[in-house]
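The lines below spell out each chain.
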Amino acid sequence: MRESPVKIDLEQLIIQYKPVVSFKVKKALGGGNPEWEDIVNEILMQAIEKIKSGEFRGESSVGTFIYTITSRRIVDYIRQKTRVLKEIPEVQALPDPHDQVERDERAEQLAQAIRKLKPKFRDVLYLYYYKELSREEVAREMGISPARVSERVNYAQKLLKKMLGK
Amino acid sequence: MKKCPYEEKIDLYLRGKLSETESAQFEEHYFSCPPCFQKTSERNELIEVIQRRGISIFDPASSRRPEPRMSLGEKVAAFLTPRRWVTAAVTAALLLVVALAVVPRFKSHGPDFVFTGDETVRGESLAVLSPRGDVKAVPDSFEWKALNAAAEYQVTLSGLETLWTPTTQETKIALPEDLKNKLKAGSYTWQVKAYSAQGTLLAVSPKVQFKILN
Ligand SMILES: [Zn+2]
């Protein structure tokens, strides 16, 4: 193992970037895609290799460097997939029921908390995210300014966090 | 606490309102800005729950809903529009188009949103009847046992993703034709939740797996 020219705590790097890389990969491939986790690990491995080998010399920030690797890997994955496209069924069966149950549990708690919000907060969430009205449309519907819409959504999110004990 | 100027892009990004370039810029930013990432991932989870469970969240509280004119049927219909299918039935082709266009689809789960405490009501038991286990063909309907205090039920059918979340006052619901045609052989799960007239969650059935053989 060669000496890295840029001093980076690799363990810290994984702790910090794994959630971010996971978020981006799942967003691009779909959280239901069973391959997302492998791809995230590959991306992190690649980043570590490049840091160790000295290929990354700190000319950009670590965040940008990892973002670049992530985007490239996603593009590659999609290209590969196009070749085997025809075999994939339209509706895919589930890979891991346990994971699904846990996710449903979390989602149910959040849903419960939203039900308990005061109408002015619940309504703004309903119009903005469920009905998918624009911010201006929500503002008109509720008789408040567009800036107030964002404030109210942010405040609702704060209340939900509090209700869920975080 | 000073506010990062990128914060106002969070909703636009998650709602797919940014151009491809702006979207990439925002992503590059949250790779380097932990507060923005944290907020984006939490907001994403909130939006996802609202979009997937909107009916059960907003409909039972119909007295306080901003749009009392819309019937339950209309909402179920709205929920089953082709747009929802992009999220629900992920074909690889759609996945490709969506990913290439860098249009966020609210699919991923924020990894940092940790929930504590259990507010889910599971007092009375709610039993599912059919389908369960191996079934020869795509089931025509879903059936469960009635729960005394329940005014409304919500069924959740899932494969790899949540596929269908209808609500009904009956204890049986027919699978719509378009969805029937889309279900292929493989494993699925389903579950039913019972709500009171006030919209309180009364009971949750166990999640039952069934397998369509051909
Ligand atoms: Zn920021």
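Structure's up top.
Not measured: the values here are computed from a predicted model. What you see as residue numbers is a count from 1 along each chain, following the sequence as written. In the order they appear in the text, chains get letters beginning with A and ligands get numbers beginning with 1. Only residues with pLDDT of at least 70 are given local features in this predicted model, and only at 80 or more are side-chain atom pairs given and counted; all residues enter the totals for whole chains, interfaces and linings. Side-chain numbers here rest on the full set of heavy atoms in the structure, without hydrogens or water.

**Section: the overall build of chain A**
Comment: elements are numbered from the N terminus, with helices defined as DSSP H or I runs of at least four residues and strands as E runs of at least two. Within chain A, the secondary structure is distributed over seven helices and zero strands. Taken across its 166 residues, chain A has 46% of its residues classed as buried. Residues are treated as being in contact if the distance between any of their heavy atoms lies within 4.5 Å. For chain A, contacts bridging at least 24 residues in sequence account for 59% of all contacts bridging at least 6. For the area figures, the Shrake-Rupley method with a 1.4 Å probe applies, and any residue is considered shielded solely by the protein chains shown. For chain A, the computed accessible surface area is about 8700 Å², with 50% contributed by carbon and sulfur atoms. Throughout this description, buried means an accessible area under 20% of the type-specific maximum (1.4 Å probe, protein chains only), exposed means over 50%, and partly exposed covers the range between.

**Some details on the coordination of the zinc ion**
All names here are of chain B. Listed donor atoms are N, O and S within 2.8 Å of the metal (Na, K and Ca: 3.2 Å). As water is not included, a site may look incomplete. Coordination of the zinc ion by the protein comes from C4 (SG), H29 (NE2), C33 (SG) and C36 (SG), over a distance range of 2.1 to 2.3 Å. Note on geometry labels: four donors, all angles 85 to 135 degrees, give tetrahedral; four donors become square planar and six octahedral when opposite donors are over 155 degrees apart and every other angle is between 65 and 115; remaining cases are irregular. Classification of the site at the zinc ion rests on its four donor atoms, whose angles at the metal span 98 to 132°, yielding the label tetrahedral. Taken in sequence order, the residues that donate to the zinc ion follow the motif C-x24-H-x3-C-x2-C. Taken as a pair, C4 in the segment before helix 1 (10-14) and C36 in helix 3 (residues 34-58) lie far apart in primary sequence, 32 residues in all. On the basis of relative accessible area, C4 is assigned to the buried category, the value being 17%.

**Let's talk about the pattern of salt bridges**
When their charged atoms lie close together, side chains carrying opposite charge are able to pair. Salt bridge, as used here: a side-chain nitrogen of Lys or Arg that lies within 4 Å of a carboxyl oxygen of Asp or Glu. By the definition in use, this model includes 15 salt bridges over all chains. A salt bridge links E45(B) to R106(A), with the nearest nitrogen and oxygen atoms 3.4 Å apart. On the criterion of chain membership, the pair formed by E45(B) in helix 3 and R106(A) in helix 4 (residues 97-115) is interchain, its members lying in two chains. The exposure class assigned to E45(B) is buried, which follows from its relative accessible area of 2%. Of the charged contacts, one joins E108(A) and R53(B) as a salt bridge, the two residues approaching to 2.7 Å between their closest N and O atoms. Pair noted here: E108(A) is in helix 4 and R53(B) is in helix 3, and the two residues belong to different chains. Of the residues examined, E108(A) reaches a relative accessible area of 3% and is grouped as buried. You can call R53(B) buried: its relative accessible area is 11%. Each of D104(A), E108(A), R115(A), R53(B) and K193(B) takes part in one network of salt bridges that share partners.

**Topic: the side chain of S141(B)**
Residue and element names in this part refer to chain B. Topologically, S141 is positioned in strand 3 (residues 141-144). We classify S141 as buried; its relative accessible area is 19%. Beyond its immediate sequence surroundings of up to four residues, S141 is in contact with S130, P131, K172, I173, A174 and L175.

**What about the pairing of strand 9 (residues 201-204) of chain B?**
All names here are of chain B. Think of it this way: DSSP has to see at least two bridges between two strands before they count as a pair. When strand 8 (residues 186-195) meets strand 9, the two strands line up antiparallel, connected through three bridges. The partner of A194 across the bridge, within strand 9, is A203. The hairpin formed by strand 8 and strand 9 contains five residues between the paired strands, and G199 there has a positive phi angle of roughly 90°.

**Thoughts on the side chain of R43(B)**
Take R43(B): it is sitting in helix 3. Judged by relative accessible area, which is 6%, R43(B) ranks as buried. Any N or O atom pair separated by 3.5 Å or less is treated as a polar contact, with the protein-specific requirement of one donor-capable and one acceptor-capable atom, and with residues adjacent in sequence counted only for side-chain atom pairs. Among the polar contacts listed, one links the side chain of R43(B) to the side chain of Y129(A), at a separation of 3.1 Å. At 2.7 Å, the side chain of R43(B) and the side chain of N154(A) are in polar contact. Those residues in contact with R43(B), other than ones at most four positions away along the chain, are Y129(A), V153(A), N154(A), Q157(A), I10(B), D11(B) and L14(B).

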